[in-house]
Amino acid sequence: MSDGRTLAREFLEQQRLLGGDTVILSDSPAPGSRPGSVTPPGSSAGLTPGASPGKTLAPAANALPPAGLSYDPPSGDLFSTDPIAQAASLEAIAQLVATCTTCRLCEGRRHTVPGEGPPDARLVVVGEGPGRVEDETGRPFVGPAGELLTKILAAIDLPRERVFICNVVKCRPPENRLPQFDEVAACVPYLFRQIELLKPQVILAMGGTAAQTLLNTKQSLGALRNQLHRFRGIPVIVTYHPAALLRNPNWKKPTWDDVRIARRLIA
Ligand code: SF4
């Protein structure tokens, strides 16, 4: 099967998970279609609603956002001596973070904030970095923004306790400034290893720093929303950070739309 048709099948399978109508993908290319081309859903070329015989694959209604970026950074190999790559559990990563002095953010921290949640979490929420209350408590997403996140998760029937919540950087940037490029680069191996161990069904990237880090891009949050991205094959939904929602309530509606898409991707 060509790469194009593999992508089409994958897209339609995602549509099926969202509960739309049945779509048939025939095994032979539609007349006039280019070999390996991806046929848009709803088009008659290659994807034939109700056709038979063929393979029932996916619904067309309730469309997911179109496919976006895909980032697949290499993971540590068996012979690596990197302690992060060798960390066998979330607790082991938290212990490494607790003594980490790899970047300048260690200088002003009161507590490291590695993240929290169950090891079998199906959803991973990734934010930017700890704020004041997080730095004081060592817990992610506490304070007003954290309370809003807890409400958002409850609204999609995912108690916070069932979600793994973390940030790109594990120590608080001074004055809540954005983490700088070298700080993100120093800290991101912890996040990548956490995701590797968790193997979630969906990642919710909240805010531009999380989205750009997970997708290895400089595109703006606005440009990255409304697409179904992937990190090591795991679907990534991009939305606003809860702290931004507190500043601009107009973003609550689009955030709600994004979060519902993420929820529907969770089995
Ligand atoms: S922010 Fe990350 S890399 Fe920097 S000191 Fe903290 S744990 Fe280490």
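For the structure, see preceding data.
Attention here is on the structure that accompanies the text. (Residues numbered from 1 in each chain as written. Predicted model: local features only at pLDDT ≥ 70, side-chain atom pairs only at ≥ 80, totals over all residues.)

**Points about the overall build of the protein chain**
Looking only at helices and strands, the protein chain has ten helices and nine strands in total. For the protein chain, with 267 residues in total, the buried portion stands at 39%. Partitioning the contacts of the protein chain with sequence separation of at least 6, the portion at a separation of at least 24 is 72%. (Helix = DSSP H or I, 4+ residues; strand = E, 2+ residues; numbered from the N terminus. Buried ≥ 20, exposed ≤ 12 C-beta atoms within 10 Å, placed from the backbone. Contact = placed C-beta atoms within 7 Å.)

**A short note on the site of the ligand**
Near the ligand, the surroundings consist of 14 residues, among which Cys100, Cys103, Cys106, Cys171 and Cys187 are the closest. By residue number, the principal contributor to the shell around the ligand is helix H6 (residues 181-198), which donates three residues. Each residue belonging to the shell around the ligand can be placed in one class, and the counts come to nine nonpolar, three polar and two charged. (Near = placed C-beta within 6 Å. Nonpolar A, V, L, I, M, F, W, Y, C, P; charged D, E, K, R; others polar.)

**A short note on the packing of helix H3 (residues 90-98) against H6**
Interaxial distance between H3 and H6 falls to 10 Å at its minimum, and their mutual angle equals 170°. Compared by their axis directions, H3 and H6 come out roughly antiparallel. In this structure, H3 uses Leu90, Ile93 and Val97 to contact H6, whose residues at the interface are Tyr190, Arg193, Gln194 and Leu197. Per-class residue counts for the contact of H3 with H6 are five nonpolar, one polar and one charged. (Axes fitted to C-alpha atoms, helices over the stretch in contact; angles between N-to-C directions. Parallel < 35°, antiparallel > 145°, perpendicular 65-115°, else oblique.)

**Some thoughts on the pairing of strand S8 (residues 228-231)**
Examined bridge by bridge, strand S4 (residues 67-71) and S8 share three bridges and lie parallel to one another. Within the sheet, the bridge partner assigned to Ser70 lies in S8 and is Arg230. The sheet contact formed by S8 and strand S9 (residues 234-239) spans three bridges and is antiparallel. Residue pairing in the sheet places His229 in a bridge with Val236 of S9. (Pairing = 2+ DSSP bridges.)

**Some words on the nonpolar core**
It is characteristic of soluble globular proteins that their nonpolar side chains tend to be buried jointly. Counting residues in each nonpolar core, the largest one holds 55 residues, and the members touching the most others are Val124, Val125, Val126, Ile203, Leu204, Ala205 and Leu214. Counting residues per element, this core draws most heavily on H6, at six residues. Those residues in contact with Val125 that sit more than four places away from it in its chain are Leu149, Val163, Ile165, Leu204 and Met206. (Core = buried A, V, L, I, M, F, W, Y, C linked by C-beta atoms within 7 Å.)

**A short note on helix H7 (residues 208-215)**
Counting buried positions along H7 yields seven of eight residues, so the element is predominantly enclosed. Of all the positions in H7, only Gly208, Thr209, Ala210, Ala211, Thr213, Leu214 and Leu215 are classed as buried. Two residues or fewer after H7 comes Asn216, characterised by a positive phi angle close to 55°.

**Considering H6**
In this model H6 runs 25 Å from its N-terminal to its C-terminal C-alpha over 18 residues, within 8% of the 26 Å that 1.5 Å per residue would give. Considered for burial, the residues of H6 that qualify are Cys187, Pro189, Tyr190, Leu191, Phe192, Arg193, Gln194, Ile195 and Leu198. Residues of H6 that are buried sit in contact with helix H2 (83-86), H3, strand S5 (123-127), strand S6 (164-167), strand S7 (202-206) and S8. Just downstream of H6, Lys199 is the residue with a positive phi angle, here 50°. (Expected span 1.5 Å × (residues − 1).)

**Notes on the sheet that holds S5**
The six strands lie next to each other as S4-S8-S9-S7-S5-S6, forming an open sheet whose pairing is mixed. Among the strands making up the open sheet, the edge pair consists of S4 and S6. With direction set aside, neighbouring strand axes in the sheet form an average angle of 25°. Sitting on the sheet, H7 is in contact with S4, S5, S7, S8 and S9, with an inclination near 135° to S7.

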